[in-house]
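# Examining the three-dimensional arrangement
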Amino acid sequence: EDINNNLWIGSRNGLVFIDSTRNNAITYKPGPGFPLPNARIFDLFFYCDSLLFLACDRSGLTSLNIHTFELNQMEPVWNEKDPPLERIWVRQYWKGSDNNLYIRTSEGFFIYHLDTNELTRIQDTTLSNFARVKNIIAFGQDHRDDFWLVDSEFKLVRWRPSEDLE
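One structure accompanies this document, and this report is about it. Every residue gets a number counted from 1 within its own chain, in the order that chain's sequence is written. This being a predicted model, a pLDDT of at least 70 is required before a residue's local features are given, and a value of 80 or more before pairs of side-chain atoms are given or counted; all residues contribute to the totals for chains, interfaces and linings. Water and hydrogen atoms play no part in the side-chain values, which are based on all heavy atoms of the structure.

## Quick notes on the side chain of Asp 2
Looking at the element boundaries, Asp 2 is found in the segment before strand S1 (7–11). For the buried Asp 2, no salt bridge exists, and the shortest N-O distance to an oppositely charged side chain is 11 Å, to Arg 22. A polar contact is formed between the side chain of Asp 2 and the backbone nitrogen of Asn 6, at a distance of 2.9 Å. Definition of a polar contact: a pair of N or O atoms within 3.5 Å, with one able to donate and the other able to accept a hydrogen when the atoms are protein atoms, and with sequence-neighbouring residues admitted only if both atoms are side-chain atoms. Reaching out from Asp 2, the side chain makes a polar contact with the side chain of Trp 8 at a distance of 2.9 Å. Dropping the residues within four chain positions of it, Asp 2 is found in contact with Trp 8, Phe 46 and Ile 66. Secondary structure elements follow DSSP: runs of H or I of four or more residues count as helices, runs of E of two or more count as strands, with numbering from the N terminus. Only protein chains enter the calculation, and the probe is 1.4 Å; a residue is then buried if its accessible area is under 20% of its type maximum, exposed if over 50%, and partly exposed in between. When charges are tallied, Lys and Arg are placed among the positive residues and Asp and Glu among the negative ones, while His and the ends of the chain are skipped. By salt bridge we mean one thing: a side-chain nitrogen of Lys or Arg within 4 Å of a carboxyl oxygen of Asp or Glu. Only heavy atoms enter the contact rule, under which two residues are in contact if any of them lie within 4.5 Å.

The structure is reproduced here in structure tokens:
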């Protein structure tokens, strides 16, 4: 939901916008008038009042300015050993207390530094015993800067970046 109470929904068929004042829905699909990289949208995240990040199927990092309706396919600087960005399935975004964007992808977890346009992988060595957390379906960060991971068996795991997983 944006600051005007309009609802934005990611679906398998594109981006759905529900206008709260007119009470109508519009579905935006890839095409000449709207260069959405892919119709399958797994997650949406408002970074700020106007910037909506889209987690699209195999399309890397995509954002939409909801005021200008400009789509931006980001091309961050990152390690060349990682797979090409367009091959990565972005599954979920969230903004950390450090104002960086944390991203769950098909290739692991990443941090996107908006101020420097850099993408860095959160290394498995950073997450000691990370292998025991399988099939992460949700994650977030609390006010103490701890990260919380939920796996497919609904196990809740806390991670503080400076410490091992609990």
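## A closer look at the sheet that holds strand S9 (residues 101–105)
Strands sit in the order S8-S9-S10-S11 across an open sheet of four strands; the sheet is antiparallel. For this open sheet the edge positions go to strand S8 (90–95) and strand S11 (118–121), each flanked by a neighbour on one side alone. Recorded for the sheet is a direction-independent mean angle of 25° between the axes of neighbouring strands. Whether two strands pair depends on DSSP finding at least two bridges between them. Note: S9 against strand S10 (residues 108–113), five bridges, orientation antiparallel. Bridging from a neighbouring strand, Leu 101 pairs with Tyr 112 of S10. Only C-alpha atoms enter the line fits that serve as axes; for helices the fit covers just the stretch in contact. Angles between N-to-C directions range over 0 to 180 degrees.

## Some remarks on the side chain of His 113
With respect to the secondary-structure elements, His 113 resides in strand S10. In terms of polar contacts, His 113 uses its side chain to reach the side chain of Asn 100, at 3.4 Å. What His 113 contacts, discounting residues up to four positions off in sequence, is Asn 100, Glu 118 and Thr 120.

## A word on the nonpolar core
Here, nonpolar core refers to any group of buried Ala, Val, Leu, Ile, Met, Phe, Trp, Tyr and Cys residues whose side-chain atoms link them within 4.5 Å. Judged by nonpolar contacts, the single largest core of 25 residues is most densely connected at Phe 53, Leu 61, Tyr 93, Leu 101, Ile 103, Tyr 112 and Leu 119. Only strand S5 (51–56), S8, S9, S10, strand S13 (147–151) and strand S14 (156–159) provide two or more residues apiece to this core. Aside from chain neighbours lying at most four places away, what touches Tyr 93 is Asp 43, Phe 45, Phe 53, Leu 54, Ala 55, Gly 60, Leu 61, Thr 62, Leu 101, Tyr 102 and Ile 103. Within the second largest apolar cluster, 13 residues are counted, among which are Phe 17, Cys 56, Leu 64 and Leu 71.

## Examining the pairing of strand S7 (residues 70–73)
Alignment of strand S6 (residues 62–65) against S7, held across four bridges, turns out to be antiparallel. Its bridge partner being in S7, Leu 64 is matched across the sheet by Leu 71. Linking S6 back to S7 in an antiparallel pair, the connection comprises four residues, with Phe 69 at a positive phi of about 60°.

## As for the environment of Arg 121
Note that Arg 121 resides in strand S11. In this structure the C-alpha to C-alpha distance between Arg 121 and Ile 103, which are 18 residues apart in sequence, comes to 9.4 Å.

## A word on the environment of Met 74
Within the secondary structure, Met 74 is located in the loop between S7 and S8. Distance in space between the C-alpha atoms of Met 74 and Leu 114 is 10.0 Å, their sequence separation being 40 residues.

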